[in-house]
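# Notes for the structure review
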2 protein chains.
Amino acid sequence: LSVAPDPEAHSLNGALNMFAVDDLQEAGHQFQVSELLAMQWKSQRDVDDSLAPTVGEFYHPSQDSKYAFEQGVQSEDISLEQEKLRWADAVIFQFPLWWFSMPAIMKGWFDRVYACGFAYGVGEHSETRWGDRYGEGTLSGKRAMLLVTTGGWASHYSPRGINGPINDILFPIQHGMLFYPGFTVLPPMVIYHTSRMNEEKFAAHCAELALRLDSLWQTDSLPFRQQNAGDYALPALTLRPDIAPGESGFAVHLK
Amino acid sequence: LSVAPDPEAHSLNGALNMFAVDDLQEAGHQFQVSELLAMQWKSQRDVDDSLAPTVGEFYHPSQDSKYAFEQGVQSEDISLEQEKLRWADAVIFQFPLWWFSMPAIMKGWFDRVYACGFAYGVGEHSETRWGDRYGEGTLSGKRAMLLVTTGGWASHYSPRGINGPINDILFPIQHGMLFYPGFTVLPPMVIYHTSRMNEEKFAAHCAELALRLDSLWQTDSLPFRQQNAGDYALPALTLRPDIAPGESGFAVHLK
């Protein structure tokens, strides 16, 4: 399952998507593709996401999302994507990096498909248990991988590169959007300097992608810390003082 | 100028927006508000963003954006927002934090309004000069501030909090989307734990917001390093080895 916002098969992302589809087909895998632009995916989360009247007097995104999810009255485009996620063993999220994040249409996929009760607000929420999230949840047991293209050079995204390290730029996505509802997250495949693409480079990227797809189940995942495995103090949800003492930042959330 | 995706004036973001508008009005400021959901802002960047035929045989987002910007044939909604940016001395970007980023509709505002030639691809691009960006560019001299609400607790976003430090989560936005085209970026105003809002807390947040709005021109900005002020090696665009030696991550890009 690939969520690719790319508008044209003639573009790099379109071509990569076609290559991936051929590769998966040849390997005998079953897969579904969500091509968001072609689907004319609705990006904005709003009152129409529920087929029922608002729960309260006014629209409340989380409350109405939760009600619609639990009562089975979500907009059909949302429930269809949730079904794809339940069906899949692994999900590739493919997008060009625009302004250091995903294109709006893919953010809108997360904003809407990640309903309350489905991707967040799952499990017991109390002072001693902060839900099934960060390693647990609806999507646990499934693998996810980002396939990202960017015009910038690899050095611009290196540990001291001006854009910031790519791992940190992708942390809110990989940790906050994939690990959060339970995905096991694989290292991303990032293609840099896309303005200087040629046939030789494209072939090399395809070869790498084929390798990544073939080894999806053998690849070591990013070792994010599970929320409910004892590493975090409740309810503050800060890393226990004896773990990585004195350190802070995104990196402390990886073992 | 505030870009608020909030659908209802009855919500926290709607109420904050109304408060800000009243406050600016009383202080005698001129301002414009872009309420994205009310404007039915189009989120996806696509071939319709240019009124001209595609430059090449197929749609190419950057190339067609650049042509439309330079030839004055951009979709009108895009050029109107660019005019607002040119007109404004300061811009407040107000949004609820959804999945550790802005809602899709606001991302779509950046994806589309930030045209090639307007927000990127500005100035000389060569091996010795990588454009006017990160502190220089079309929007230099203007101030920008994020006004962000989130359901999570402040501790969850603290230096060792499970979500990651809020400054790091906002770095791709503050550095990559605001500082990039030239904005002077002020520290964000972040409101946590929004599910436990009451009149007393709301009044306190309004008082803080009023203070922030009144002191927009006296507040120290985030000391991001300018790309073209000598701190970065070209063309790798890595921080010079003698600056913050041995350190890496987002923090090295602040003085």
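The following paragraphs examine the structure supplied in this document. (Residues numbered from 1 in each chain as written. Chains lettered and ligands numbered in written order. Predicted model: local features only at pLDDT ≥ 70, side-chain atom pairs only at ≥ 80, totals over all residues. Heavy atoms only, no water.)

For the rest of this paragraph, the subject is the interface of chain A and chain B. The accessible area lost on association of the parts is a frequent measure of interface size. In this assembly, 66 residues from chain A lie in contact with 66 residues from chain B. Summing both partners gives a buried area of about 5,200 Å² for chain A against chain B, and 66% of it is carried by carbon and sulfur. For chain A, the biggest contributors to the area lost against chain B are W99, R160 and I162 of chain A; these three give 21% of the whole. Remark: the boundary between chain A and chain B carries 0 salt bridges. Elements with a contribution of two residues or more to the side of chain A that touches chain B: α4 (104-113), α5 (166-179) and β8 (238-239) of chain A. In terms of residue count, α5 of chain A provides more of the side of chain A that touches chain B than any other element does, 7 residues in total. Each residue belonging to the side of chain A that touches chain B can be placed in one class, and the counts come to 37 nonpolar, 19 polar and 10 charged. (Contact = heavy atoms within 4.5 Å. Buried area = accessible area lost by both parts, 1.4 Å probe. Salt bridge = Lys/Arg side-chain N within 4 Å of Asp/Glu carboxyl O. Helix = DSSP H or I, 4+ residues; strand = E, 2+ residues; numbered from the N terminus. Nonpolar A, V, L, I, M, F, W, Y, C, P; charged D, E, K, R; others polar.)

What follows covers the relation of the copies chain A and chain B. Structural alignment of chain A on chain B gives an RMSD of 0.0 Å, achieved by rotating through 180° and translating 0.0 Å along the axis. The superposition of one copy onto the other is thereby described by a two-fold rotation axis. Relative to the rotation axis, the closest C-alpha in chain A is found at A104 of chain A, a distance of 2.4 Å. Interface residue correspondence from chain A to chain B reaches 100%, placing this contact among same-surface, isologous pairings. (Least-squares fit on C-alpha atoms with pLDDT ≥ 70 in both.)

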